[in-house]
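# Residue-level structural notes
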Amino acid sequence: MDEKRFIDIAAGRVKADLVLKNAFVLNVFTKEFIKQDVAIADGYIAGVGQYEGVVEKDLTGKFVCPGLIDAHLHIESTMASPRNFARQALRCGTTAVIADPHEIANVAGVDGILYMLEDARKAVFADTNQPLVSIYFMIPSCVPATDFEHTGGAITVYDIEKLLDEPNVLGLGEMMNYPAVIRGDEAVLKKISAAREKKKICDGHAPCVRGRDLQAYCAAGIRTDHECASYDEAFEKLQQGMYILIREGSSAQDLEPIVRGMLEHKTDTSRFAFCTDDKKMSDILANGHINNNVRKAVSLGLSPEDALCMASFHAAQCYGLSGRGAIAPRHYADIVVFDNITDFSIDSVYKAGIEVSSVPMAQETESTAAEEPSSFSIKRITDSVHVVPVSRSAFSADRFMPSGSDNFHVIGMQRGTLFTKHLVFPRQECAEMLKDGKLCYLAVLERHKNTGNIGRALLHGYGVSNGAIASSIGHDSHNIIVAGSNAADMHRAVEEVIDMKGGVAVVQNGTVLSKFALPIAGLMSAMEPVQLADCIHDAAEKAHTIGVYPEVEPLIGLSFLALPVIPELKLTDSGLFDVVKFQFI
């Protein structure tokens, strides 16, 4: 950059490269819209006021805001590669994200993280090195999530220390092993110390952690939490100085209760930001990304100014993203232009001053996704399903309801949250509910190291009554998870997933109704976003055909039934786990 020219542009002595004229520009520092121009040069904002440019674009009646920032997500949950995720997120006005790659790390360890870092660097405008989206990373802290899980990879303190020095790494990812933090486990504290010693941020994950346990958790130096499902919990964590990342994903949707509480109590918004955490690509195409969080918050009564600051400036402040999150001199020209501030329809998006529609994006194909890199083993990424041959009898009814037991622990799925209920039903009632389609069978099969482990349980609230759905996405260990009404369909669905080396399959009466492959670690595809979204949508639609309840999100909802760090009852390949007591049943 020519510093003298840049200052001359700011002073009005030289024309800017581009001027966005006559717009209502959001000032995030005073939380107001002001009618003015935005002068852009060399990818930065030179000034805000009245300017002339070599190129001028009249935005009369439009609303100019900082590019949106997702404060916490797992790109793997979109089921798209980082490159293809970036292509679609940018169209939604998202210009920066803070990603935690712990999904792929559980499958492929350090190789998985290096794949994500490398693929993110390839998410650029065609024939340039300009990123489509600034993808920052947090290094996974809990791989595996607990000491008793069986994963394909593990991340040690030594790995964390090395990976924290990689470009665009901001800190330590969500510390899910909150019981270990609270009791002062030495191994866990070493991971946190590794980040703190490098002046890096530590993200949190502390569902229902309150009182003195919360004091202990915060005392370890953890800065954020995205697991709040209620305003009361969010406010208590806010009081301890945490940033609250309000989640609105495909399955977990916490925005409404928290925002309603903020409005009722007139809570200051300055330490609240937005995130998606886990949102599949079909939902991003259907209703947007962080722009959807903004739209929903405003529809509930939050001011557009507050909502947009939470979607940009506050996230930048939380993660120390200098030069991002504001329309102000010397800030990056990452800008989203809205037609209005009611439904927040997007007029245009600029990344480093480049209008998204004016420059093509670099494309990804199945072949480019499999290019052999120098920094990691591609085989760890593309050959990730290793399962002992399984017979149909593994899914027979007596394996789920063995003789000698009068009562059975049942996972109770709940709408709009990752929390489940720990239910107990007598044998006869279980039999009747299975017959009526109110219960279904659930199994988790270890898929990384041919152990042959299979965990089994009964599931309430999901709704499969005639068929089965299987997936290689099963948080966080990402073993194969299958829900079904009968052994034959469950077996066929699992076999389809294995044959695809990862993916999703829906089966009814022995016929495959829908399937799609996820060849990147059994989690992601290199399909372009629209094609991928169509596959996801078709699988979800067919899942409802076999009886999954209309109000249930079939794919991501299923995947979280295997996550033993969110209460109350979950299923791993080792069996049923009581998260509240933190022990197997």
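Residues numbered from 1 in each chain as written. Predicted model: local features only at pLDDT ≥ 70, side-chain atom pairs only at ≥ 80, totals over all residues. Heavy atoms only, no water.

### Some points on the overall build of the protein
What counts is decided by this rule: Here a strand is any run of E in DSSP of at least two residues, a helix any run of H or I of at least four, and the numbering for each starts at the N terminus. Atoms counted for the radius of gyration: C-alpha only. Globule rule: 2.2 Å times the number of residues to the power 0.38. Exposed residues in this analysis have more than 50% of their type's maximum accessible area, buried residues have under 20%, and partly exposed residues fall in between, with area computed by a 1.4 Å probe over protein chains only. Residue contacts are counted whenever heavy atoms from the two residues lie within 4.5 Å of one another. Residues scored as charged are limited to Lys and Arg (positive) and Asp and Glu (negative), so that His and the chain ends carry no count. For this purpose, a charge sits on NZ of Lys, CZ of Arg, CG of Asp or CD of Glu.
Looking only at helices and strands, the protein features 20 helices and 27 strands. Radius of gyration (C-alpha) of the protein: 24 Å, near the 25 Å computed for a compact globule of 585 residues. Its C-alpha atoms give the protein principal-axis dimensions of about 85 × 50 × 45 Å. When each of the 585 residues of the protein is scored for burial, the buried share is 62%. In the protein, 70% of the contacts between residues at least 6 apart in sequence involve partners at least 24 apart. When the 55 basic and 75 acidic side-chain charges of the protein are each reduced to a single mean position, those positions are 1 Å apart.

### Examining the packing of aromatic side chains
This is how the line gets drawn: Aromatic pairing here means that ring centres of Phe, Tyr or Trp (its six-membered ring) are within 6.5 Å. Orientation follows from the plane angle: under 30 degrees is stacked, over 60 is edge-to-face, and everything else is tilted. Charge-over-ring placement is defined geometrically: NZ (Lys) or CZ (Arg) within 6 Å of the ring centre, and within 35 degrees of the ring normal.
Taken as a whole and assessed by the stated rule, the structure comprises 13 aromatic pairs. Ring geometry for Tyr231 versus Phe235: centroids 5.7 Å apart, planes at 25°, classification stacked. You can see Tyr231 and its partner Phe235 sitting in helix α8 (residues 231-239), four residues apart, about one turn around the helix. Note on Phe338 and Phe344: the rings are 5.3 Å apart at their centroids and 90° apart in plane angle, and the pair reads as edge-to-face. Summarising the burial analysis for this pair, Phe338 and Phe344 share the class buried. A connected cluster of aromatic rings, assembled from ring pairs, spans Phe148, Phe577, Phe582 and Phe584. Across the ring face of Tyr243, the terminal group of Arg271 is positioned such that the distance to the ring centre comes to 4.1 Å. For Arg330, the ring lying beneath its charged end belongs to Tyr44, and the centroid distance is 5.8 Å.

### Quick look at the state of the cysteines
Inclusion rule: Note on disulfides: each one is a pair of cysteine sulfur atoms within 2.5 Å.
Evaluated as defined, the whole model comprises zero disulfides. Looking at the unpaired Cys535, the closest cysteine sulfur is the one in Cys92, lying at 19 Å.

### Regarding the sheet that holds strand β25 (residues 569-572)
Rules: Any two strands with at least two DSSP-identified bridges between them are counted as paired.
Taking strand neighbours across the sheet as the criterion, the three strands line up as β25-β26-β27 in an open arrangement whose pairing is antiparallel. Two strands lie at the open edges of the sheet, namely β25 and β27 (583-584), each paired on one side alone. In terms of strand pairing, strand β26 (residues 575-578) meets β27 through two bridges, oriented antiparallel. Within the sheet, the bridge partner assigned to Phe577 lies in β27 and is Phe584.

### Comments concerning the pairing of strand β2 (residues 32-41)
Burial runs high along β2: seven of the ten residues are buried. Looking at chain direction, strand β1 (residues 16-27) and β2 are connected through eight bridges and run antiparallel. From the neighbouring strand, Ala23 faces β2, where its bridge partner is Gln36. Between β1 and β2, which pair antiparallel and follow one another directly, the connecting turn spans four residues, one of which, Lys31, has a positive phi of 55°. Bridging between β2 and strand β3 (residues 44-49) involves five bridges; their strand directions are antiparallel. Bridged to Ile40 within β3 is Ile45.

### Comments concerning the pattern of salt bridges
As a reminder of what qualifies: Only one rule defines a salt bridge in this text: a Lys or Arg side-chain nitrogen within 4 Å of an Asp or Glu carboxyl oxygen.
Using the criterion set out here, one finds 31 salt bridges in the structure. Here Lys122 ties to Glu118 by a salt bridge, and the two come within 3.5 Å at their closest N and O atoms. Overall, Lys122 belongs to the partly exposed group, its relative accessible area being 29%. Residue classification places Glu118 among the buried residues on the basis of a relative accessible area of 18%. With a shortest N-O distance of 2.6 Å, Glu236 and Arg210 are connected by a salt bridge.

### Observations regarding the sheet that holds strand β11 (residues 224-225)
Quick note on the threshold: For helices, the fitted line uses only the C-alpha atoms of the stretch in contact; every axis is such a line through C-alpha atoms, and the angle between N-to-C directions lies from 0 to 180 degrees.
Taking strand neighbours across the sheet as the criterion, the three strands line up as β11-β12-β13 in an open arrangement whose pairing is parallel. Strands with a single pairing partner mark the edges of an open sheet, and in this sheet they are β11 and β13 (272-275). As judged from the two bridges shared by β11 and strand β12 (residues 243-247), these two strands associate in the parallel manner. Considered in β12, the bridge of Thr224 is made with Tyr243. On top of the sheet, α8 reaches β11, β12 and β13; it is set at about 155° to β12, its chief contact.

### Quick look at the nonpolar core
Formally: Definition used in this section: a nonpolar core is a set of buried Ala, Val, Leu, Ile, Met, Phe, Trp, Tyr and Cys residues joined via side-chain atoms within 4.5 Å.
Ranked by size, the top nonpolar core spans 146 residues in total, and within it Ile246 and Tyr462 carry the most contacts. Examining the composition of this core, we find that ten residues originate from one element, helix α3 (residues 102-121), more than from any other. Sequence-distant contacts of Ile246, defined by excluding residues within four places in its chain, comprise Asp254, Leu255, Ile258, Val259, Met262, Phe272, Ala273, Phe274, Cys275, Asn293 and Met310. Formed by 30 residues, the second largest nonpolar core is a distinct cluster that contains Phe400, Ala468, Ala493 and Val507.

### Describing the environment of Asp278
Turning to its location among the elements, Asp278 is positioned in the loop between β13 and α10 (281-287). Residues contacting Asp278, with those up to four places away along its chain left out, are His74, Ser77, Glu103, Gly249, Ser250, Ser251, His475, Ile556 and Phe560.

### What to know about unusual backbone geometry
Of the consecutive residues Val143 and Pro144, the connecting peptide bond is found in the cis state with omega at 0°. Tracing the backbone through its elements, the reader meets Pro144 in the loop between β8 (134-139) and α4 (157-163). Here Pro567 and Glu568 are connected by a cis peptide whose omega angle stands at 5°. Mapped onto the fold, Glu568 is located in the loop between α20 (554-559) and β25. For Asp277, which is not a glycine, the phi torsion comes out positive at approximately 65°. When you line up the elements, Asp277 lands in the loop between β13 and α10. With a relative accessible area of 2%, Asp277 lands in the buried category.

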